[in-house]
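Chain residues, written in single-letter form:
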Amino acid sequence: MKQGEISHSNKRIVIKVGSAVLREDNHLAVTRLNNLVDLIAKLKIEKNYEVILVSSGAVAAGNTKLNLDKKLILNRQALAAIGQPLLMKCYKKRFREHDLKCAQMLLVEEDFDSRKRSKNARGVMEILLENDVIPILNENDVIANKELLIGDNDQLAARAAYFFGAELLVILSDIDGLYDSNPHINKNAKMRKIVKKIEDSELQMVHTPNSEFATGGIVTKLKAADYVMKKGIPMYLSSGFDLNNAYTFLIDNQHKSGTFFEPIKG
């Protein structure tokens, strides 16, 4: 098998999509959500993959119905409460068009740290996957306080990949890969297609979210990659705006663009 390829025997993968991808102006980016669902359906139906989706976008979806100051945590929680069912309604409608079922799982830090709760979460996850249901995960923003929050969905996706036994983590973002310098500033910046190690200095950079609804940036993606790499799980980072590279990587098993983070062996 070539670098970046994955086999097709009941592969379990986690796909994470960020807020910047799922929001367009003051509306849910329905076209991009539809394209994502089409990709997941293709992975399930044609490749026989088990797909776990980690989806941001609840706060952004809620803001389309109520305009609140998102800098305040209680406002963000209120918007998440409004937006989460709206987001799930869109997913359910689109997956139904492919004769696929989906389910919602809202998690907090303790669900991974508590032995009893993590066992329960694993049990529910296995039942859903065994019954061909697509689990859609999000952080439980509505009830979680600072101590319970994981912090961002990049970290949630990394935790989910490890705790739920995935063999690949895919992050689809407004960032189409990891560059050797900032491509918005340096027009000669080159994409790092393969990363074997992440330096501590890279993990300590200041977070730079590109959207007022996002909670991370390239640093949170590097932290997610570092987490799964050390657990022996590869990660692929690519654009969620244009899924051509994701299709090429996941469907055609060709790594033409995007960044592949190799798992650390041993």
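Heads up: the structure comes first, above all this text.
Now for a quick tour of the structure.

Rules behind the numbers
Residues numbered from 1 in each chain as written. Predicted model: local features only at pLDDT ≥ 70, side-chain atom pairs only at ≥ 80, totals over all residues. Heavy atoms only, no water. Helix = DSSP H or I, 4+ residues; strand = E, 2+ residues; numbered from the N terminus. Buried < 20%, exposed > 50% of the residue type's maximum accessible area, 1.4 Å probe, protein only. Contact = heavy atoms within 4.5 Å. Areas by Shrake-Rupley, 256 points an atom, 1.4 Å probe, with all protein chains shown as cover. Pairing = 2+ DSSP bridges. Axes fitted to C-alpha atoms, helices over the stretch in contact; angles between N-to-C directions. Polar contact = N/O pair within 3.5 Å; in protein donor to acceptor, adjacent residues only side chain to side chain. Core = buried A, V, L, I, M, F, W, Y, C linked by side-chain atoms within 4.5 Å. Patch = residues over 30% accessible without salt bridge, like charges linked within 9 Å, V, L, I, M, F, W, Y side chains within 5 Å. Salt bridge = Lys/Arg side-chain N within 4 Å of Asp/Glu carboxyl O. Lys, Arg positive; Asp, Glu negative; His and termini not counted. Charge placed at Lys NZ, Arg CZ, Asp CG, Glu CD.

Okay, the overall build of the protein chain next. A count of helical and extended segments in the protein chain gives ten helices and ten strands. The buried share of the protein chain, reckoned over its 266 residues, is 53%. A separation threshold of at least 6 residues defines the contact pool for the protein chain, and within that pool the share at least 24 residues apart is 72%. Accessible surface computed for the protein chain: about 13,000 Å², of which carbon and sulfur atoms make up 49%.

Our focus in this paragraph is the sheet that holds strand 6 (residues 133-139). An order of 5-6-4-1-7-9-10-8 is seen for the eight strands of this open sheet, with the pairing classed as mixed. Edge positions in the sheet fall to strand 5 (101-107) and strand 8 (194-195), since each has one partner strand and no second. Here strand 4 (residues 50-55) runs beside strand 6; their pairing, made up of two bridges, is parallel. Paired with Leu53 across the bridge in strand 6 is Ile136. With respect to the sheet, helix 4 (residues 73-96) is in contact with strand 1 (12-17), strand 4, strand 5 and strand 6, its orientation differing from that of strand 5 by roughly 155 degrees.

With respect to the secondary-structure elements, Arg12 resides in strand 1. Among the polar contacts made by the side chain of Arg12, one reaches the side chain of Glu126 at a distance of 2.7 Å. Within the local environment of Arg12, its side chain forms a polar contact with the backbone oxygen of Phe164, the two atoms lying 2.8 Å apart. In contact with Arg12, not counting residues within four places along its chain, are Glu50, Ile52, Glu126, Leu129, Phe164, Gly165, Ala166, Glu167 and Leu168.

Let's shift gears to the environment of Lys190. Counting through the fold element by element, Lys190 comes out in the loop between strand 7 (168-173) and strand 8. C-alpha separation for the pair Lys190 and Tyr179, spaced eleven residues apart in sequence, amounts to 5.4 Å. Once residues within four sequence positions are removed from consideration, Lys190 is found in contact with Leu178, Tyr179 and Asp180.

Next up on the list: the side chain of Arg94. Position of Arg94 among the secondary structure elements: in helix 4. For Arg94, a relative accessible area of 12% puts it in the buried group. Within polar-contact distance, the side chain of Arg94 engages the side chain of Asp38 at 2.5 Å. Excluding anything up to four places from it in sequence, Arg94 contacts Leu33, Asn34, Val37 and Asp38.

Judged by nonpolar contacts, the single largest core of 39 residues is most densely connected at Val14, Leu137, Phe164, Leu169, Ile198, Met235 and Phe261. At the level of elements, strand 4, strand 5, helix 6 (115-130), strand 6, helix 7 (153-163), strand 7, helix 9 (218-230) and strand 9 (235-239) are the ones that each hand at least two residues to this core. Per-element tally for this core: the top contributor is helix 9, with seven residues. Among the nonpolar cores identified, the runner-up in size contains 35 residues, and Ile13, Val17, Leu168 and Ala246 belong to it.

The next point concerns the pairing of strand 9. Consecutive side chains along a regular strand alternate between the two faces of the sheet. Counting buried positions over the five residues of strand 9 gives five, a clear majority of the element. As paired elements, strand 7 and strand 9 share five bridges and run parallel to each other. If you follow Ile171 over to strand 9, its bridge partner there is Leu237. Where strand 9 and strand 10 (residues 259-261) come together, three bridges link them in antiparallel fashion. When the sheet's bridge partners are listed, Met235 is paired in strand 10 with Phe261.

Turning next to the environment of Asp176. Locating Asp176 in the fold gives a position in the loop between strand 7 and strand 8. Asp176 gets classed as partly exposed once you look at its relative accessible area, which sits at 27%. Sequence-wise, Asp176 and Met191 are 15 residues apart; in three dimensions their C-alpha atoms are separated by 8.9 Å. Within the local environment of Asp176, its side chain forms a polar contact with the side chain of Tyr179, the two groups lying 3.0 Å apart.

There is a patch of like positive charges on the surface, built from Lys65, Lys89, Lys92, Lys93 and Arg96. Secondary-structure assignment places Lys93 in helix 4. The exposure class assigned to Lys93 is exposed, which follows from its relative accessible area of 54%.

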